[in-house]
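# Results of the structural survey
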Amino acid sequence: MTVLAAGSAGRAASVMLVAVLVGAFSSGIPACGGGPGETTSSDGAADQAGDHGPANVEGSGGRMGTGGSGGGGNNDASVLAEVASPLEVAPPVDAGAESKVDAPITPITGPLTIEALQVAGTHNSYHVAPLIAFDASHAYTHKPLDQQLDGGVRALELDVHLASDGTFDVYHITTIDSGSTCKKLDNCLNIVATWSAAHPRHVPIFIWLEIKDDTGGMPINDIVSVETAVLRVLPRDRLITPTWLRGTFASPHERITKAGWPTVDDARGKIMLALIDRDARSKAYAHDGTSLEDRAMWVNAATTEFDQPWAVITKDMEQQGDIAAAHAAHLLLGVNTCAINLTDDACTARLGQFVQAGIHTLDDDLPFQISGRNYWLKLPNGSPGCNPVTAPANCHDTKLE
């Protein structure tokens, strides 16, 4: 594994720039699923307040589809939205064009690491709108996971529930918002694994898992049971695990702060899973908050934990100081950008701020263009693209995949 030194003066200037770029966060930019800086140990009130709004669904007069084709896809969804065009990339490509990930790759010189990426993601990536949405934030439908990946999405989120037979279901809220394009965790992960195997040169795929036993299913008392289910589909050698990232260093955090993240080339074809929840269960999974050495998944670092030996990734940091601190600690950042029940202007403002702040995974209800909305997740550098804060000057979007 190649270890490359992290940038010094240039990176320090970039981190200082973050505080300026994200200063508008406290100036009335609408929050997505709660106020700026809200943490998400569970969706709870955030879902009720607009965790993610009416969705990638055509209006009442729109034409509804029935699940797409594509390697590893599935037809579990009863309702799927018609999507007008794929996620914009740079340069733009036609919907029928060869996927960017299949194109020949020109070797990149210099320290192009995982930290240099900025990618499009989806919130509740499995979600299918209910026939009657009791909350406006539930009225969106995503494409099947493999079609999202075909369109440039590289970050996914799955909500996990324990079924009575001991397997894990994937849905949002029992009864009132339970539609899913992949109803079982192993089904969802198999779709991703199949797509990954067919596109082995892809940049890392990030998967956020949220334990949602408060909205349906049996209690999940031990995260290790979820990890076991993950490893049945995705063996460790396909994952960015704490042990793999640590390498010869004392801890993963020491590695990323002293030597930088692994290069994109070293991590091609790999998948990185992290827990959104910050609670007693995630703390126990991290050996009472001390280590993830024997684990396959990561824990979402809180602001007070950025210096912990296992801390490498964090989610839902929206305050300027928190974002700057995460960048200074070389953590990857994820954030929810647009909820379907936000206005186009509000979504555009949030996306612009988070792009320029150097957030690595931008997770959205509207990853693709749909009728009736002028906003969708258009990243200026495409997806996967070069992060405006953390990427080196020689990073070229067209060379990533």
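Before reading on, note that the structure itself is shown above.
A brief report on the enclosed structure follows. (Residues numbered from 1 in each chain as written. Predicted model: local features only at pLDDT ≥ 70, side-chain atom pairs only at ≥ 80, totals over all residues. Heavy atoms only, no water.)

### Some details on the state of the cysteines
For the coordinates displayed, the defined rule picks out three disulfides. Linked covalently through their sulfurs, Cys182 and Cys188 form a disulfide whose S-S length is 2.1 Å. Judged by the torsion about the S-S bond (100°), the Cys182/Cys188 disulfide is right-handed. Accessibility expressed as a relative area gives 0% for Cys182, which makes it buried. For Cys188, a relative accessible area of 0% corresponds to the buried category. Look at the protein chain and number its bonded cysteines as they come in the sequence; the links are 1-2, 3-4, 5-6. (Disulfide = S-S within 2.5 Å. Buried < 20%, exposed > 50% of the residue type's maximum accessible area, 1.4 Å probe, protein only.)

### A word on the environment of Ile276
Residue placement: Ile276 occurs in the loop between β7 (271-275) and α9 (280-285). A C-alpha to C-alpha distance of 9.1 Å links Ile276 and Trp298, two positions 22 residues apart in sequence. (Helix = DSSP H or I, 4+ residues; strand = E, 2+ residues; numbered from the N terminus.)

### A short note on the side chain of Thr122
With respect to the secondary-structure elements, Thr122 resides in strand β3 (residues 117-122). Thr122 gets classed as buried once you look at its relative accessible area, which sits at 0%. A polar atom in the side chain of Thr122 sits 2.6 Å from the side chain of Ser125. (Polar contact = N/O pair within 3.5 Å; in protein donor to acceptor, adjacent residues only side chain to side chain.)

### Quick notes on the pattern of salt bridges
Applying the stated criterion to the full structure yields 15 salt bridges. Arg281 is the partner of Asp279 in a salt bridge, and the nearest nitrogen-oxygen pair spans 2.9 Å. Here Asp279 falls in the partly exposed class, since its relative accessible area comes to 25%. With its nearest N and O atoms 3.4 Å apart, the salt bridge here joins Lys315 to Asp316. Its relative accessible area of 5% is what places Asp316 among the buried residues. The network of salt bridges with shared partners includes Arg201, Asp265 and Arg268. (Salt bridge = Lys/Arg side-chain N within 4 Å of Asp/Glu carboxyl O.)

### Some thoughts on the environment of Leu275
You can see Leu275 is positioned in strand β7. For Leu275 and Lys315, which are 40 residues apart along the polypeptide, the C-alpha to C-alpha distance reads 9.5 Å. Non-local contacts of Leu275, meaning those with residues more than four positions away in its chain, are made with Trp208, Leu209, Ile223, Ser282, Tyr285, Met297, Trp298, Val299 and Asn300. (Contact = heavy atoms within 4.5 Å.)

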